[in-house]
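Okay, here's what each chain looks like letter by letter:
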Amino acid sequence: MSKITRSAAALIACALVLPATGCAGKKGTGDTAYVARDVNTLYDLAKRRMDQGLYEESAKLFDEVERQHPYSVWARRAQLMSAFSYYLARKYPEAVSSARRFLTIHPGNKEAPYAHYLVAMSFYQQMEDVTRDQRITQQAADAFGELVRRYPESRYAADARVKLDLINDHLAGKEMEIGRFYERSGNWLAASLRFREVVDKYQTTSHTPEALERLVEKGKIIVKKAYADCPPGKRIVGAAAVVVGGGGRVVLEDVTPNEQLTEVSVTAWEAQGGTDL
């Protein structure tokens with residue numbers, strides 16, 4: 001997911017109407033060194049570098065526009081174009097920093113949805129597979145969620161909702177991966193809690209049917225183990241509830257330890273819609 005898709009790049013590129021007043025000139029070796037230049041020359045040079053595919057150099061030149069001409073109308077545009085150029089250069093932390101700086105200085109600007117979208121896409125492009133830490137994936141979800149919440153009618157909201165569905169499926173996959181690990185380790189309760197997280201939090205994802213199936217199986221194992229571990233002559237009273245498929249809860253309460261928990265009794269409990277045993 002580290003590659004920039006053509007559709008995403010096109011959507012971002014169309015966010016701004018850029019000036020096309022390019023000046024002819026050859027590529028210089030010291031373009032990003034501090035040289036006092038008028039705002040039009042500096043902005044046009046940065047735009048030219050971006051058109052040439054020199055995205056990181058372009059970003060630094062847009063930063064120079066803001067630094068040398070902070071009170072110009074071009075400074076505001078340059079902040080966003082700097083973020084966009086860093087994004088195209090796959091310098092995602094720098095893109096996030098530039099876009100967030102714009103939002104801090106111009107929170108009510110009409111291009112704020114675009115800046116939020118750049119932040120979210122920068123996190124989205126850094127997402128790792130489900131075997132790795134999902135901190136950045138959660139940051140992408142938070143950023144897209146904020147965009148949809150703040151600007152539900154913006155041109156970016158529809159794509160943000162699609163990305164949120166994909167991200168939630170990804171996060172659910174991570175929970176399933178951890179749950180399966182606990183399952184292989186024989187830690188049935190920890191596995192059930194992970195599968196339950198998928199059912200509760202990621203109901204619309206492709207992982208929910210498997211999570212429900214595994215919850216039912218783990219619920220049976222935990223209940224049987226509770227009976228097997230009960231010392232002779234003792235009673236199971238108010239044992240910890242075990243959550244299983246369909247939102248039911250197995251509550252072991254006032255059940256004699258001598259009573260044999262069979263597959264039939266578990267099936268009967270399921271048929272009752274998860275009522276107490």
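Residues numbered from 1 in each chain as written. Predicted model: local features only at pLDDT ≥ 70, side-chain atom pairs only at ≥ 80, totals over all residues. Heavy atoms only, no water.

**Regarding the overall build of the protein chain**
Piece 1. Helix and strand content of the protein chain: 11 helices and 2 strands.
Piece 2. Of the regular secondary structure in the protein chain, the N- to C-terminal order runs α-α-α-α-α-α-α-α-α-α-β-β-α.
Piece 3. Among the 277 residues that make up the protein chain, the fraction classed as buried is 45%.
Piece 4. In the protein chain, the share of contacts with a sequence separation of at least 24, taken over all contacts with a separation of at least 6, comes to 58%. (Helix = DSSP H or I, 4+ residues; strand = E, 2+ residues; numbered from the N terminus. Buried < 20%, exposed > 50% of the residue type's maximum accessible area, 1.4 Å probe, protein only. Contact = heavy atoms within 4.5 Å.)

**Comments concerning the side chain of Ser82**
Piece 1. Secondary-structure assignment places Ser82 in helix 4 (residues 73–88).
Piece 2. Take Ser82: its relative accessible area is 0%, and that puts it in the buried class.
Piece 3. Leaving out residues up to four positions away in the same chain, Ser82 has contacts with Ala59, Phe62, Asp63 and Ser98.

**Digging into the packing of helix 4 against helix 6 (residues 112–124)**
Piece 1. Between helix 4 and helix 6, whose axes approach to 11 Å, the crossing angle comes to 20°. The pairing of helix 4 with helix 6 is recorded here as roughly parallel in orientation. For the pair helix 4 and helix 6, the sense of crossing is left-handed. Here helix 4 contributes Leu80, Ala83, Phe84 and Tyr87 to the contact with helix 6, which in turn contributes Tyr114, Ala115, Leu118, Met121 and Ser122.
Piece 2. Class assignment of the residues belonging to the contact of helix 4 with helix 6 gives a composition of 8 nonpolar, 1 polar and no charged. (Axes fitted to C-alpha atoms, helices over the stretch in contact; angles between N-to-C directions. Parallel < 35°, antiparallel > 145°, perpendicular 65-115°, else oblique. Left-handed = near helix turned anticlockwise from the far one by under 90°. Nonpolar A, V, L, I, M, F, W, Y, C, P; charged D, E, K, R; others polar.)

**A short note on helix 6**
Piece 1. If you check helix 6, its first and last C-alpha atoms are 18 Å apart, about what 13 residues at 1.5 Å a residue would give, namely 18 Å.
Piece 2. Most of helix 6 is tucked away, with 13 of its 13 residues classed as buried. (Expected span 1.5 Å × (residues − 1).)

**Thoughts on the nonpolar core**
Piece 1. Membership of the largest hydrophobic core comes to 56 residues, with the highest contact counts inside it found for Phe84, Tyr87, Leu118, Phe123, Phe144 and Ile167.
Piece 2. Sort the elements by how many residues they give to this core and helix 6 lands first, with 10 residues. (Core = buried A, V, L, I, M, F, W, Y, C linked by side-chain atoms within 4.5 Å.)

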